[in-house]
Amino acid sequence: MMKKVLWAGACLALAAGSQSVVLAETANQEEGAYRIGEIVVAAASESVVEQAGTVYRVTAEQIRKQNAKNLDQALELVPGLVVREGAEGTPRIDIRGFRTRHVQLFINGIPVKSSYDGQFDPTRIPAEIISEIKVTSGGGSVLYGAGGNGGAIDIITKLGTAEGLHGLVGGEVGEGGSYTGKGGVWGSGGKLDFYAHASVQNRDEFLLSDDFVPVNVDAEDGGDRENSDREQKNLFGNLSYNLNDDNTLGFTLSRFDGENGKPPATNYDPSDPFAKKTSYERIDDSSNTLLQAAFSHDSSSPLDIRGWAYYSLTSEEENGYDDDSYSSQRKNGSFFQDSDTETFGVSTQVRYAVNDFSGATLAASAENESWEAEGFEIDKDGNPGDLASDHDLQTYSVALEYENQLADGLGIVAGYGHHFNERDEGSDNDFSYVVGATYDVSEATQLRVNHARKIRFPSVKQLYGKDGNEDLETEVTYHYEAGISQKMWTAGTLDVTGFIIDAEDFIEKIDTGGKDQNVNFQELSLAGVEANLTLTPLEKLMIRLGISYLDTEDQSEGSAREELQYRPEWKLSVDGSYTLDCGFSVYGSVLHARDQYYYDSKQEQKGELDDFTLVNLKLSQDFQTTGIEVYVAVDNLFDEDYEESYGLPQPGRMVYGGLEYRF
């Protein structure tokens with residue numbers, strides 16, 4: 001309890017300690033953006049490779065209107081992207097039907113993932129530090145390196161760029177014993193720009209819908225969700241220092257500490273072919289430290305150079321218990337694991353601008369990932385088996401990308417990347433490429449087309465885990481897409497994209513003569529359409545509509561599956577906000593998902609999840625010149641009882657409110 005109090009005090013002191021300064025003329029002074037580590041940049045406002053592909057942008061203003069606390073909430077409404085919580089109790093982010101391990105995540109150019117399974121936990125990234133999120137769906141720039149068969153998420157964090165000292169302090173309380181405290185300061189003076197933020201978040205449990213009907217009361221009897229607590233503390237800071245007009249240094253520091261439960265499956269029944277056995281697991285301690293140093297040379301000459309070095313260490317203690325007392329570890333399957341994931345790497349980009357409309361970028365990167373674990377797992381005889389593991393992977397990439405904005409509204413891009421993977425024993429290499437074009441039919445209409453090849457190397461878990469196979473090769477995807485962007489007469493834009501993706505040699509666990517083993521087996525086909533409409537008919541009125549359709553097929557030899565598991569065929573999102581002159585604002589969102597399927601362990605029988613619709617509402621009052629804003633909000637307004645994975649019910653109605661003061 002004392003640690004919680006100290007962390008909350010740090011959040012408040014970080015902002016309150018600067019109260020002696022005079023209030024800024026604009027109470028809601030917006031922060032700037034730290035762009036030294038941005039992966040894809042261009043001389044113009046948007047690169048050709050991003051125009052030719054599909055890139056969705058989420059701004060700090062949109063995040064604030066949504067009242068998103070962490071990255072997963074900030075991305076919920078992006079077309080073609082699904083935030084889904086499964087058995088791990090952690091939200092996973094899927095893009096165009098590809099799982100989290102096929103999605104790259106970067107913070108200021110730093111890759112964020114577990115060395116063990118290639119996944120990441122989006123709840124660990126507080127939304128408050130984000131200036132902009134770029135979501136590249138499908139085939140994108142080769143500058144992102146190996147991975148990202150589904151897409152890439154590039155987070156650009158905030159940076160103080162306004163003269164003087166600015167800050168915020170805020171708090172929020174809600175149902176389920178939830179509370180948030182946050183504070184930050186940022187500013188600019190002379191050659192130095194800086195941003196610092198601290199926050200603490202806590203949830204004792206989330207509430208199930210009143211319509212939830214218990215199936216196995218020993219696992220879940222309704223009301224407060226069993227083992228759904230979550231606690232985390234975040235510190236974040238970055239700064240940039242201008243050595244002169246051409247050269248800039250940048251530094252980033254991030255720290256996370258937390259723990260969380262993994263809510264158990266609620267419907268175990270031996271006669272149900274789809275139900276999973278109830279397990280009682282927790283992450284009892286987790287921490288991450290991330291460091292980055294960056295350099296940028298950006299002059300009036302044709303040559304620009306950027307580079308950064310980074311280090312990340314994640315430590316985690318995970319436990320599997322005998323029962324819902326979460327205290328004993330004596331039965332078959334119970335376990336303890338203490339693991340360290342360590343990553344360090346360097347990345348550099350050299351861009352040569354032929355003129356204002358064309359240029360080439362050469363990128364090179366090197367990264368070492370290590371996974372070290374110790375612990376035990378109880379076998380069927382009640383004896384502890386050793387879980388010790390120690391492995392390293394090295395990945396090297398080099399890429400060249402050229403783009404040209406030609407006359408008559410035609411833009412072209414071509415890029416090639418080659419990637420090398422070194423393992424404990426053996427190595428592998430493969431290539432990626434992208435070609436694309438845009439054509440401006442008029443000032444209001446742009447056509448685009450894109451084709452790419454993406455590859456992903458296997459993870460430590462796939463190579464050396466329980467079902468590991470050291471002979472695994474790369475997973476490959478081929479992307480084909482075309483789209484149109486149309487500016488609307490009502491001060492808005494409409495984007496429509498159609499795509500086809502063929503996936504080859506995807507890794508799947510199969511029976512190889514009496515033994516389950518990971519092999520390059522799956523052949524998948526995915527196709528769909530995404531549409532995104534944004535309207536601002538009035539200065540203070542915003543409306544967005546997103547529609548996604550996804551058709552999936554498992555074309556692997558002998559597969560009986562018609563559709564892939566837990567990929568919604570349809571996703572519909574609508575959100576909007578309106579602000580009165582007095583500072584009162586209304587924000588609402590609707591998210592609908594339908595046609596999701598799942599299979600039994602033998603992949604022979606198919607079930608379907610119920611369709612669901614979620615409505616969120618937020619009312620806020622900005623007291624303008626005072627810098628104070630208060631709000632009240634409701635998530636899942638109509639208390640929908642829904643699941644994103646079979647047997648794992650999600651939160652019902654949750655009411656909360658808060659206050660924020662900016663100076």
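Okay, so let's go over this structure. (Residues numbered from 1 in each chain as written. Predicted model: local features only at pLDDT ≥ 70, side-chain atom pairs only at ≥ 80, totals over all residues. Heavy atoms only, no water.)

Digging into the packing of aromatic side chains
Then step 1. The final tally for this structure, using the stated rule, is 17 aromatic pairs.
Then step 2. With centroids separated by 5.9 Å and ring planes inclined at 75 degrees, the aromatic side chains of Tyr321 and Tyr326 adopt a geometry described as edge-to-face.
Then step 3. Note on Tyr326: relative accessible area 15%, which makes it buried.
Then step 4. Where Tyr598 meets Tyr646, the ring centres are 4.6 Å apart and the plane angle is 20 degrees; that geometry is what we call stacked. Highlighted residues: Tyr598 in strand 29 (residues 596-599) and Tyr646 in the loop between strand 32 (628-635) and strand 33 (654-662), separated in sequence by 48 residues. (Phe/Tyr/Trp six-rings, centres within 6.5 Å; stacked < 30°, edge-to-face > 60°. Buried < 20%, exposed > 50% of the residue type's maximum accessible area, 1.4 Å probe, protein only. Helix = DSSP H or I, 4+ residues; strand = E, 2+ residues; numbered from the N terminus.)

Thoughts on the nonpolar core
Then step 1. The biggest cluster of nonpolar side chains holds 28 residues, and the ones touching the most others in it are Leu75, Ile133, Val135 and Ile153.
Then step 2. Broken down by secondary-structure element, the contributors of at least two residues to this core are strand 2 (54-59), helix 4 (71-74), strand 3 (81-85), strand 4 (91-95), strand 5 (103-107), strand 7 (130-137) and strand 8 (151-159).
Then step 3. When neighbours within four sequence positions are excluded, Ile133 is seen to be in contact with Tyr56, Arg57, Val58, Ile63, Leu71, Ala74, Leu75, Ile153 and Asp154.
Then step 4. Counting 23 residues, the second largest nonpolar core, distinct from the first, contains Val48, Leu159, Val413 and Ala452. (Core = buried A, V, L, I, M, F, W, Y, C linked by side-chain atoms within 4.5 Å. Contact = heavy atoms within 4.5 Å.)

Some details on empty space enclosed by the protein
Then step 1. Scanning the model with the defined rule gives seven cavities of 30 Å³ or more in all.
Then step 2. Estimates place the volume of the second largest cavity at around 680 Å³.
Then step 3. Surrounding the second largest cavity, 43 residues form its lining, Gln104, Lys113, Tyr144, Ala146 and Glu367 being those nearest its centre.
Then step 4. Those elements giving two or more residues to the lining of the second largest cavity turn out to be strand 5, strand 15 (303-321), strand 16 (335-355), strand 17 (358-378), strand 19 (389-405) and strand 20 (410-422).
Then step 5. Sort the elements by how many residues they give to the lining of the second largest cavity and strand 17 lands first, with six residues.
Then step 6. For the lining of the second largest cavity, a count of residues per class yields 22 nonpolar, 16 polar and five charged. (1 Å grid on protein atoms, 1.4 Å probe; cavity = no way out; pocket = protein on both sides within 12 Å on 5 of 7 lines; lining within 4 Å. Points joined across faces, edges and corners; volume = space filled by probe spheres on them. Nonpolar A, V, L, I, M, F, W, Y, C, P; charged D, E, K, R; others polar.)

Things to note about a nonpolar patch on the surface
Then step 1. Where nonpolar side chains cluster on the molecular surface, the patch consists of Leu303, Tyr352, Val354, Tyr402, Leu406, Leu410, Ile412, Tyr439, Val441, Leu447 and Ile484 and spans about 890 Å² of accessible area.
Then step 2. When you line up the elements, Val354 lands in strand 16. (Patch = residues over 30% accessible without salt bridge, like charges linked within 9 Å, V, L, I, M, F, W, Y side chains within 5 Å. Areas by Shrake-Rupley, 256 points an atom, 1.4 Å probe, with all protein chains shown as cover. Salt bridge = Lys/Arg side-chain N within 4 Å of Asp/Glu carboxyl O.)

Quick word on unusual backbone geometry
Then step 1. In this model, Asn636 sits at a positive phi of 55 degrees, which is unusual for a non-glycine residue.
Then step 2. Following the sequence through the fold, Asn636 ends up in the loop between strand 32 and strand 33.

Re the side chain of Gln337
Then step 1. Mapped onto the elements of the fold, Gln337 is located in strand 16.
Then step 2. Residues in contact with Gln337, not counting those within four places in the same chain, are Glu316, Glu317, Glu318, Trp371, Ala373, Glu374, Gly375 and Leu387.

Here we look at the pattern of salt bridges
Then step 1. As enumerated under the stated definition, the model contains 44 salt bridges in all.
Then step 2. Taking the shortest distance from any N to any O, the salt bridge between Arg124 and Glu316 comes out at 2.9 Å. With Arg124 in the loop between strand 6 (110-111) and strand 7 and Glu316 in strand 15, this pair connects stretches of sequence that are 192 residues apart.
Then step 3. Among the ionic pairs, Arg544 bridges to Asp575, the shortest N-O distance being 2.6 Å. Residue Arg544 is found in strand 26 (residues 541-554), and its partner Asp575 is found in strand 27 (residues 570-579); the two are separated by 31 residues along the sequence.

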